[in-house]
Every structure is written in structure tokens, then in C-alpha cells.
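# Structural description and commentary
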Amino acid sequence: MKIKIKEKNVITLYDLIMAKIRIKIEYDSCPVYEYVKVMRCFKCLGFNHKAKDCVNKIACSKCGDSHITRDCNSDRIRCVNCYDLVKKNLAEVDVNHVAFSVKCPAYQKYIQSKNNRK
Ligand SMILES: [Zn+2]
Ligand SMILES: [Zn+2]
Ligand SMILES: [Zn+2]
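Residues numbered from 1 in each chain as written. Chains lettered and ligands numbered in written order. Predicted model: local features only at pLDDT ≥ 70, side-chain atom pairs only at ≥ 80, totals over all residues.

### With respect to the environment of Val93
Among the secondary structure elements, Val93 is positioned in the loop between helix H2 (80-87) and helix H3 (105-117). Here Val93 falls in the partly exposed class, since 18 other C-beta atoms lie within 10 Å of it. Separated by 13 residues in the primary sequence, Val93 and Ala106 have C-alpha atoms spaced 8.3 Å apart. The contacts of Val93, once residues within four sequence positions are left out, are Cys82, Leu85, Val86 and Pro105. (Helix = DSSP H or I, 4+ residues; strand = E, 2+ residues; numbered from the N terminus. Buried ≥ 20, exposed ≤ 12 C-beta atoms within 10 Å, placed from the backbone. Contact = placed C-beta atoms within 7 Å.)

### Focus on unusual backbone geometry
Negative phi characterises most residues that are not glycine, and trans characterises most peptide bonds. The phi angle at Leu45 is positive, at roughly 70 degrees, despite the residue not being glycine. Position of Leu45 among the secondary structure elements: in the loop between helix H1 (13-26) and H2.

### A word on the nonpolar core
Membership of the largest hydrophobic core comes to 17 residues, with the highest contact counts inside it found for Cys79, Ala99 and Cys104. Elements represented by at least two residues in this core include exactly H2 and H3. Sorting elements by how many residues they give to this core places H3 first, with three residues. Among residues more than four places away in sequence, those in contact with Cys79 are Gly64, Val95, His97, Val98, Ala99, Ser101, Cys104 and Ala106. (Core = buried A, V, L, I, M, F, W, Y, C linked by C-beta atoms within 7 Å.)

### What to know about the environment of Ile111
By secondary structure assignment, the location of Ile111 is in helix H3. Along the backbone, Ile111 and Val38 are 73 residues apart, and their C-alpha atoms lie at a distance of 7.7 Å.

### Some remarks on H2
Those residues of H2 lying buried are Val80, Asn81 and Cys82. Just downstream of H2 lies Asn89, where phi reads positive at about 60 degrees.

### Let's talk about the confidence of the model for the chain
A low pLDDT score tells you not to read the predicted coordinates there in detail. Per-chain confidence: the chain averages 82 in pLDDT, with 71% of residues scoring 70 or above. Across the chain, the secondary-structure element scoring lowest on mean pLDDT is H1, at 63, and the one scoring highest is H2, at 96. (pLDDT = per-residue confidence, 0-100.)

### What about the environment of Ser74?
Structurally, Ser74 is set in the loop between H1 and H2. Residue Ser74 is classed as partly exposed on the basis of its C-beta count, with 13 C-beta atoms lying within 10 Å. Sequence spacing of Ser74 and Gly64 is ten residues, and the spatial spacing of their C-alpha atoms is 9.7 Å. When neighbours within four sequence positions are excluded, Ser74 is seen to be in contact with Lys62, Cys63 and Asp65.

What follows is the structure, given as C-alpha cells:
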């Protein structure tokens, strides 16, 4: 089953519910697949660049610390992108989700800014 945004910025309740279910199912097995084409760095998990161009530290998609997700043994869930926004006082957002969550405020922000630019 695939989640798709039918029009720009239009997300139906159905899509939100499906997204929630997918996160639950795929949380331990594999990252939630992006339903909007986003260039994403798998090293620092930042947006708009690739790992080979990355100048940032490696980040864990689960706890946000500096190690690869596979080596993670932390119980903490913290989104590295949202935590960064909070640290820099750019936004008051919830950081208790994995970085690949479709609910991630930093990710949503990025998609919005991308759509606005078009
Ligand atoms: Zn990066
Ligand atoms: Zn970790
Ligand atoms: Zn986030």
C-alpha cells in the first residue's frame, strides 16, 4: 500500500491514519518510505544534499546521537533534525520520533518550503 499526496499540501485524514499505521509496522524493520521525492543524506539525515557531499557528523535515525542506526542501543527516540531546530531556537517542535517519520516537523517544513518554491 502506498501513501500518496494527491495534490500539493493536501493530506487527507485517510493518509494520516495510513501513515501512522505504516510507522508502527515498519519502525523496526525498515524506514518509512518517502512519499514525496526528497533528497536526503543517509549520513547526517539532513535534507537537500547527499552523503558524499556531507560535511556534518553521522547521525542515528533513532536516537539522534553520532553513530550509525544499526549500532544503536539507546532506548531514546530523538529526531536529529527537529532537535537541531529546537537547539537553534528555530522552532518549538516535538523531537520524540525517528528521523524518518513522515510526521517529523522538520521533514514537513522541508516539503512545504520545497513546494512553495515551485
Ligand atoms: Zn549529510
Ligand atoms: Zn542511536
Ligand atoms: Zn523530526
